[in-house]
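Observations on the model geometry
This is what each chain is made of:
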Amino acid sequence: MKQTIKKVLVANRGEIALRVMRTCYEMGIRTVAIYSTPDAKAPHVKFADESVWVGEAASSESYLDMDKVIGAAKQTDADAIHPGYGFLSENGEFSNRVKDEGIIFIGPSAESMRLMGDKTAARDLMGKAGVPCPPGTKDAMEDVEKALSVARNVGFPVLIKAAAGGGGKGMRIVHDEKDFTASVKSAQSEARNAFGDDRVYVEKYLEEPRHIEFQILADRDGNTVHLFERECSVQRRHQKVIEEAPSSLLTSKLRDEMADAAVKAAKACNYEGAGTIEFLVDKHQKFYFLEMNTRLQVEHPVTEMITGIDLVRAQIEIAEGKPLPFQQNDIQKNGHAIECRVYAEDPSDQFLPSTGTLTRHRIPAGAGVRVDSGVEEGGEVTINYDPMISKLSVHSATRKLAIKKMLRALHEYEISGCRTTIPFCEFTLKHDAFSSGQYDTHFVKDHFDPVKETMFEKVNELDALAASLVAALHEDSQGSGKNGNLKQTGTDVNQWWSNRR
Ligand code: MV4
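The shown structure was predicted, so the numbers you read here are calculated from the model rather than taken from an experiment.

What counts and how
Residues numbered from 1 in each chain as written. Predicted model: local features only at pLDDT ≥ 70, side-chain atom pairs only at ≥ 80, totals over all residues. Heavy atoms only, no water. Buried < 20%, exposed > 50% of the residue type's maximum accessible area, 1.4 Å probe, protein only. Helix = DSSP H or I, 4+ residues; strand = E, 2+ residues; numbered from the N terminus. Pairing = 2+ DSSP bridges. Right-handed = clockwise from strand over helix to strand, strands pointing away. Near = heavy atom within 4 Å. Polar contact = N/O pair within 3.5 Å; in protein donor to acceptor, adjacent residues only side chain to side chain. Areas by Shrake-Rupley, 256 points an atom, 1.4 Å probe, with all protein chains shown as cover. Nonpolar A, V, L, I, M, F, W, Y, C, P; charged D, E, K, R; others polar. Salt bridge = Lys/Arg side-chain N within 4 Å of Asp/Glu carboxyl O.

**With respect to the pairing of strand β2 (residues 30–36)**
Of all seven residues in β2, six are buried; the element is thus mostly enclosed. As defined by bridge partners, strand β1 (residues 7–10) adjoins β2 across four bridges and the pair is classed as parallel. Of the residues in β2, the one forming a bridge with Lys7 is Arg30. For the handedness criterion, the β-α-β arrangement of β1, helix α1 (residues 14–26) and β2 is classed as right-handed.

**A few points about the site of the ligand**
Taken together, the neighbourhood of the ligand is formed by 16 residues, with Leu159, Lys161, Glu203, Lys204 and Leu206 sitting nearest. In this structure, Lys204 approaches the ligand through a main-chain N or O atom, which is 2.8 Å from a nitrogen atom. Coverage of the ligand by the protein amounts to 90% of the 530 Å² it exposes when considered alone. Breaking the shell around the ligand down by element, the ones donating at least two residues are β6 (158–162) and β8 (200–204). Across the shell around the ligand, the residue classes tally to eight nonpolar, five polar and three charged.

**Some points on the pattern of salt bridges**
Going through the model one piece at a time under the given rule, you end up with 40 salt bridges. A salt bridge links Arg220 to Glu272, with the shortest nitrogen-to-oxygen separation between them at 3.5 Å. You can see Arg220 sitting in the loop between β9 (210–218) and β10 (224–236) and its partner Glu272 sitting in the loop between α9 (252–268) and β12 (273–281), a full 52 residues away along the chain. With relative accessibility at 38%, the residue Arg220 sits in the partly exposed group. Each member of the salt-bridge network shares a partner with another, and the members are Glu213, Arg230, Lys240, Glu243, Glu278, Glu299 and Arg341.

What follows is the structure in structure tokens.
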């Protein structure tokens, strides 16, 4: 049944809220923003046609409060809700309640979310669909001894994972069977605390894996296509930092095999809308299903840049009941795109959050440069929400040219008032492991030493300055008089030097 959407409430904040609203504007669809007290003057609120205050800063009081979000949609007569990513975007209860109110949920069914949200159910479904999964236990672990025998069969190291998990929470790498039982208990405890569900399962640990994911679009009639892959191996503590499309690892043959598997996976859960199938590719170029994300992802811009397809427009048209306007052969990849996530975190200090007033926010521009930002100059960067300030994406004809363009754009990006991960992104793009394409999910651990990379250079410069000042002071104290004005500097370099050591 087709229904034209005239007004969308975007149940999100920051860059993704603004990004969704921009496509709505281009489609002639009116928009409703929701906002918490600290977001009252946020860019997404200013851009929307209407806005509704939904509560105080805490997400549970505002963006996660289903009653308030649905109430705002009813209050403004929105005929659809776009959830963005995070918050309620993969909450089956929310999508069902939205539909029960006669409002269109722009996303997949609650059943698809459920099937893919439970990692053991997802593995089972993938096995039946002929999508390869890492060897391991079929179901969640009922009996530790039985699981240990499976671990012995697949061979250590193994990974213990939370069935309700994702993103690394409740995950334990076990290298030796003597640590197995304790690791299971520890994983169960973390999973119970994080998800209220302590079911865990075992998988063979794939060494030096690459994280490669395929974008999927599926309409209500079951037409399912892929929009090629994204490589997301530069991660820090399971948080993606740099993504690119296409992957420099895949051969055409491997790409076709993985794309077929991704389409199979989407069809196996009757998927509708935009979704992503995550795979790991091991050092033998064998790929394995990791998980499915039943939402639009942060890193979707790099796919849009190489295919020319607006994924939010596709989501809305699918939600209106329209058939996909293209077939698989119509979708071509062109050139290369890279995305750097700009977080308000300090890479020289363990990526700790960095808050403050954005006294300067000047974004780069020029051909092939896209900035999706949820902040503006004068705005506050707080710890209320995810620390991502913006996403900087570039597109060029080749990967080498895209790297050059990204380095130029990072150089041009001016942010003052908080520390950001821009220096880390510059470090990565300049690193041989990245530029050669020879990197995996251990890149940060293997190559990034914050003290060496960002502080020592400064310390080295300061050391040189201190040494010359100490030398000059020493000479001065010998009465040579040639550094006459030095003493007036008031800089007790000796004191500074001894403090520093
Ligand atoms: C794995 C894996 C290796 N072997 N599974 C799961 C959650 C996701 N964010 C990363 N996950 C992984 N699952 C098997 N069977 C490697 C990862 C992985 C990873 C694991 C530990 C530390 C950092 C990682 C970064 C990317 C992928």
